[in-house]
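# Inside the fold
Here is what each chain is made of, one letter per residue.
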Amino acid sequence: MHSLTKLPPEREAALSGLYAAATASARRRTLAGLAVVAALALLAGLAAEVRPLTFAENIGKFTAYLGQILPPVGFEHPIADVRAWYWGLPGWLALLSETVLMAYLGTLLGGIAGFALSFAASANLVRSRLLRLLTKRGLEVCRTVPDIVFALIFVIAFGLGPMVGVLAIAIHTTGALGKLFSEVVENIDMRPVEGLSASGATWIQTVRFAVLPQVLSNFASYGLLRFEINVRGAAVLGFVGAGGIGQEFLGAIRNFYYADVSAILGLIILTVFCIDLATEQVRNRLIGPESAR
Amino acid sequence: MSAARTGALRAEARDNLARLRGRYPAQFRADRAARARFVLALGAVTGLAALACWRLDVSATRILNGLGRLGSFAMLMLPPSPEGQFWTFLHALGETLGIAFLGTLAAAILAFPVAFLAARNVVSNPFAHFAVRRGLDVMRSVDVLIWALIWINVVGLGPFAGALAIACSDFGALGKLFSEAIETCDRRPGEGVVASGGSSLHRIRFGLIPGVLPVLASQVLYFFESNTRSATIIGIVGAGGIGQYLTELIRVLELKQVAFLVLMILVTVAAIDWVSTRLRRTLIGPAAR
């Protein structure tokens, strides 16, 4: 390889001076941005009562805790140990299936409601600004209030049990999916819609034959994504008494049943993994491998 | 086109339906296989839903009974008022924002280097990035509230545990998103750096980071938005913020204050959304998103 030809020193100095001037302003902006972030972090640290000393002192507790919840499985008789570790498996599996069914029914009901409302919230299908605005704001409220807050209120109104979880998930999902769906609808190709309304179709017929075929696969994909999220959410809804495995898990943590904590946590993680994998397969099939995200 | 004319068009087409059917058989042929698949899928979905209704004891009577009570609760919520606790609530809201900000920042700082290890175009060893990816997946699939319960055991009750919980669960999510952004990054700047004699660290610093940084920053902002929402509930298990008040007030049925708190949360979240959307636009340019 040839060695590089050096520029004459005065030209190099001039060029590097120009380069420094050009990068200086960008660097100043970056530094200013970093300073703002650091100041905000300091403020947030004060608000969140960050105590680095307690953290440093007690970080040992974290590893100790992880050590304590490690499965009590030895090498002498591993199979018996695993049996003892998962002593409550049938009951836990029943609770886990309850959790998944809660997520399923909540996603389905919320999906149906979001589906119906998304067309009313789309600017390209609905003329009335008032109707659109009302639907959008309503969806926003459903979306912003977390499902566990709905569950807290519903537990008082409907009594303890998984039905509360289903309703809470359904309402939150309506808001989340309604918004995503309406964004999909707003981005469709408008020519089929024009074609149908030109040949005298009613609004419902236009939606059915011009809009639905374009958006259905995207809707299904978003719905499956939401289902994944809801399975995770449903696992903790039991914390407030809304059914599923959460109640059992909270009991295990609060009562320091260490082996149970790791056993149930393992089950939850495994379930979430399996559902993630399955829905990813289905989604890839639905929207085609080239546009899969 | 006037409604009368389209109506006439419809009527004419309907009258001539048989003739049209004869002339364009392809357009009128029913796609039996597709229809059968659709009916099957619909049957499966409804069947599973019926099973779920039965298992979870969902019934119309229970819903109707509860709706009556819910209606009376809604009446009790009006008018929303803080009942003299406005400053306490505001302080709790500040705590919530602090939790969200600090948690997101810590997660982003931790996830940034790890994401490069999980990216296929940086670490070519398949086992390394597979292991990192699965580790991130495990962090991600544990819910924020569960992380909060674990951290409460370590640093005690309070907002610090909440910030740590958000940092942990977002570390997994951001690590995954960051590594995907790095993998889809343009290869050519990196190749240019290597061709002009840069080392692989130079390739990452000058070929990859400038390209991905705006994308990563926009994702971090998006997570900050969604974390202000999750930080409002983290108090339910005792990890600080406005959720603590929300839970207590719902339990004792102080519904006017509950309604006021929910309104405060809605306004804050809307404000944060607005600010971060504008920031994101300036970061990645108006064309994207």
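Below: a short report on this structure. No experiment lies behind these values; they were computed from the predicted model shown. (Residues numbered from 1 in each chain as written. Chains lettered and ligands numbered in written order. Predicted model: local features only at pLDDT ≥ 70, side-chain atom pairs only at ≥ 80, totals over all residues. Heavy atoms only, no water.)

Here we come to the overall build of chain B. Within chain B, the secondary structure is distributed over 13 helices and zero strands. In sequence order, chain B lays out its α and β elements as α-α-α-α-α-α-α-α-α-α-α-α-α. Its C-alpha atoms give chain B a radius of gyration of 28 Å, more than 25% over the compact-globule value 19 Å for 289 residues. Across the 289 residues that make up chain B, the buried fraction comes to 43%. Long-range contacts, defined here as pairs at least 24 residues apart, represent 76% of the contacts in chain B between residues at least 6 apart. Looking at chain B, you have 29 positive and 17 negative side-chain charges, and the mean spots of the two groups are 11 Å apart. (Helix = DSSP H or I, 4+ residues; strand = E, 2+ residues; numbered from the N terminus. Rg over C-alpha atoms; globule rule 2.2 N^0.38 Å. Buried < 20%, exposed > 50% of the residue type's maximum accessible area, 1.4 Å probe, protein only. Contact = heavy atoms within 4.5 Å. Lys, Arg positive; Asp, Glu negative; His and termini not counted. Charge placed at Lys NZ, Arg CZ, Asp CG, Glu CD.)

Judged by nonpolar contacts, the single largest core of 130 residues is most densely connected at Phe154 and Phe239 of chain A together with Trp147, Trp151 and Ile234 of chain B. If sequence neighbours within four positions are ignored, Ile234 of chain B has contacts with Ile99, Val144, Leu145, Ala148, Gly162, Ala165, Ile166, Ala239 and Gly240 of chain B. If you look at the next biggest cluster of nonpolar residues, it comprises 15 residues, including Leu125, Val126, Val184 and Val207 of chain A. (Core = buried A, V, L, I, M, F, W, Y, C linked by side-chain atoms within 4.5 Å.)

Our next topic: the layout of surface pockets. If you add up the space inside the second largest pocket, you get close to 2400 Å³. In this structure, the second largest pocket is lined by 49 residues; those nearest its centre are Arg208, Leu212, Pro213 and Leu216 of chain A together with Phe38 of chain B. A per-element tally of the lining of the second largest pocket places helix H9 (residues 203–237) of chain A first, with twelve residues. Taken together, the residues of the lining of the second largest pocket break down into 32 nonpolar, ten polar and seven charged. (1 Å grid on protein atoms, 1.4 Å probe; cavity = no way out; pocket = protein on both sides within 12 Å on 5 of 7 lines; lining within 4 Å. Points joined across faces, edges and corners; volume = space filled by probe spheres on them. Nonpolar A, V, L, I, M, F, W, Y, C, P; charged D, E, K, R; others polar.)

Next up on the list: the environment of Gly244 of chain A. Residue and element names in this part refer to chain A. Relative to the elements of secondary structure, Gly244 occurs in the loop between H9 and helix H10 (246–254). The exposure class of Gly244 is buried, given its relative accessible area of 4%. In the structure, Gly244 is positioned 21 residues away from Gly223 in sequence and 21 Å away in space, judged by C-alpha atoms. Contact partners of Gly244, with chain neighbours within four places excluded, come to Leu95, Glu98, Thr99 and Met102.

A few words now on the interface of chain A and chain B. Counting from both sides, the interface comprises 63 residues of chain A and, opposite them, 63 residues of chain B. Counting the contacts that link chain A with chain B gives one salt bridge. In this structure, Arg55 of chain B engages Glu98 of chain A in a salt bridge whose closest nitrogen and oxygen atoms are separated by 3.9 Å. Here chain A and chain B share four residue pairs in polar contact (both at pLDDT 80 or more) between them. (Salt bridge = Lys/Arg side-chain N within 4 Å of Asp/Glu carboxyl O. Polar contact = N/O pair within 3.5 Å; in protein donor to acceptor, adjacent residues only side chain to side chain.)

Next up on the list: helix H12 (residues 242–251) of chain B. Here H12 of chain B has its buried residues at Ile242, Gly243, Leu246, Thr247, Leu249 and Ile250 of chain B. Once H12 of chain B ends, the next one or two residues include Leu253 of chain B, with phi positive near 60 degrees.

Further remarks concern a nonpolar patch on the surface. Together, Leu7, Leu15 and Leu18 of chain A line one region of the surface with nonpolar side chains, adding up to about 280 Å² of accessible area. Within the fold, Leu15 of chain A resides in helix H1 (residues 9–47). (Patch = residues over 30% accessible without salt bridge, like charges linked within 9 Å, V, L, I, M, F, W, Y side chains within 5 Å. Areas by Shrake-Rupley, 256 points an atom, 1.4 Å probe, with all protein chains shown as cover.)

The next point concerns the side chain of Ser141 of chain B. Looking at where Ser141 of chain B falls in the secondary structure, it is placed in helix H7 (residues 126–141). The exposure class assigned to Ser141 of chain B is buried, which follows from its relative accessible area of 5%.

Let us look at the pattern of salt bridges. Residues and elements named next belong to chain B. One pass over the structure, following the stated rule, counts 15 salt bridges over all chains. For Arg133, the salt bridge is made with Glu183, and the minimal N-O distance between the two is 3.3 Å. With Arg133 in helix H7 and Glu183 in helix H9 (residues 159–183), this residue pair connects regions lying 50 residues apart in the sequence. In the salt-bridge network here, residues are joined through shared partners; they are Arg134, Asp137 and Arg140.

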